[in-house]
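So the chains spell out like this:
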Amino acid sequence: MTTFDTLDDLQHQLSQCRLCLEAGYRIESQPIFSGSASARLMLIGQAPGASEGDLGYPFGGNAGQRLFRWLSRAGWDEKTFRETCYITAVTKCFPGNNSNGSGDRVPSAAERKLCRPWLDGELTFVQPEVIVLVGRLAIQLYYPTKTKLSDVIGDTTVNENGQVLIPLPHPSGASRWFHEPANVGRLERAIYALKRIKAELNL
Ligand code: SF4
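These figures come from a predicted structure and were not determined experimentally.

With respect to the overall build of the protein
If you tally the helices and strands in the protein, you get 9 helices and 5 strands. In summary, the protein has a C-alpha radius of gyration of 16 Å against a globular reference of 17 Å for 203 residues, a match within 12%. Here the C-alpha coordinates of the protein stretch approximately 45 × 40 × 30 Å along the principal axes. A total of 203 residues make up the protein; the buried ones form 48% of that total. Counting contacts in the protein only where the partners sit at least 6 residues apart, residues at least 24 apart contribute 71% of the total. Total accessible area on the protein stands at roughly 10000 Å², and carbon and sulfur atoms take up 49% of it. For the protein, the centre of its 22 positive side-chain charges and the centre of its 21 negative side-chain charges are spaced 8 Å apart.

Digging into the pairing of strand β1 (residues 41–45)
As a general feature of sheets, a regular strand has side chains that alternate between the two faces. A large share of β1 lies buried, amounting to 5 of its 5 residues. Both faces of β1 are covered, namely the face carrying Leu41, Leu43 and Gly45 and the face carrying Met42 and Ile44. The pairing of β1 with strand β3 (residues 130–134) spans 4 bridges and is parallel. In the strand pairing of β3, leucine 43 is matched with valine 132. Bridging between β1 and strand β2 (residues 86–89) involves 4 bridges; their strand directions are parallel. Its bridge partner lying in β2, isoleucine 44 is registered against threonine 88.

A look at the packing of aromatic side chains
The full count for this structure, using the stated rule, is 5 aromatic pairs. Taking the centre distance of 6.0 Å and the plane angle of 80 degrees together, the rings of phenylalanine 68 and phenylalanine 81 count as edge-to-face. Placement of phenylalanine 68 in helix α4 (residues 62–73) and of phenylalanine 81 in helix α5 (residues 78–84) is noted, with a sequence separation of 13 residues between them. For the pair shown, phenylalanine 68 and phenylalanine 81 are each scored as buried. Seen in terms of ring centroids, tryptophan 76 and phenylalanine 81 are 5.4 Å apart; in terms of plane orientation they differ by 90 degrees. Their pairing is edge-to-face. According to the relative accessible area criterion, tryptophan 76 is buried, its value standing at 2%. Of the aromatic side chains, those joined through ring pairs into one cluster are Phe4, Trp118 and Phe125.

So, the site of the ligand
Taken together, 13 residues lie near the ligand, and Cys17, Cys20, Lys92, Cys93 and Cys115 sit nearest. Here the element with the most residues in the shell around the ligand is helix α6 (residues 109–126); it accounts for 3 residues. Its residues placed into classes, the shell around the ligand shows 10 nonpolar, 1 polar and 2 charged.

Side note on the sheet that holds β2
Read from one edge of the open sheet, 5 strands run β2-β1-β3-β5-β4, paired in mixed fashion. Here the strands that pair on one side only, and so sit at the sheet edges, are β2 and β4 (157–158). Looking at chain direction, β3 and strand β5 (residues 164–168) are connected through 5 bridges and run parallel. Its bridge partner being in β5, isoleucine 131 is matched across the sheet by leucine 165. Contacting β3 and β5, helix α9 (residues 181–201) runs over the sheet at an angle of about 150 degrees to β5.

What counts as what
Residues numbered from 1 in each chain as written. Predicted model: local features only at pLDDT ≥ 70, side-chain atom pairs only at ≥ 80, totals over all residues. Heavy atoms only, no water. Helix = DSSP H or I, 4+ residues; strand = E, 2+ residues; numbered from the N terminus. Rg over C-alpha atoms; globule rule 2.2 N^0.38 Å. Buried < 20%, exposed > 50% of the residue type's maximum accessible area, 1.4 Å probe, protein only. Contact = heavy atoms within 4.5 Å. Areas by Shrake-Rupley, 256 points an atom, 1.4 Å probe, with all protein chains shown as cover. Lys, Arg positive; Asp, Glu negative; His and termini not counted. Charge placed at Lys NZ, Arg CZ, Asp CG, Glu CD. Pairing = 2+ DSSP bridges. Phe/Tyr/Trp six-rings, centres within 6.5 Å; stacked < 30°, edge-to-face > 60°. Near = heavy atom within 4 Å. Nonpolar A, V, L, I, M, F, W, Y, C, P; charged D, E, K, R; others polar. Axes fitted to C-alpha atoms, helices over the stretch in contact; angles between N-to-C directions.

Fair warning: the whole summary comes from geometry, so function is off the table for now.
Here it is, written out as structure tokens:
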């Protein structure tokens, strides 16, 4: 990976990244991300799915529809959110399906490490005031690895850079977490936290 002077530079180089393939890992799409340096909120997902790989933009499939239903309850319509917020992921290429057919493959720690400098660069250039962490892998960027979703969903915190962190569960239909009765209130609190921060910061 070479260095970059601007977010445009970074995005240009990121869009051509093939580091995982070169290291022998499986990926099945181009890098997927969207947004500009003017974004005040960055949403970080885990990794794109097959739909995103086909469409070429983040959260375009069924999981995205659920995510945008949550965001709509916090006050964003999908078009405005996509136009004003930065959307990226821990790893930016679709990692393919699990060999046993049980959904998308989870990118390994080694793949996450390979992709991390891109995310660090995005964070440096965008400097978001709010970071929404969608799913366990994204939450682990800022919370200890063994943190349970039920310990953090519904709470907000401010990191050492003064950025507000709002964790969300992964909106995939395969996720059972947000269907469990004990977690419904946690998700409601997370949506309310988004709504409150949107109003407070006039996002
Ligand atoms: S997942 Fe990240 S590091 Fe791997 S090829 Fe895609 S952009 Fe590059």
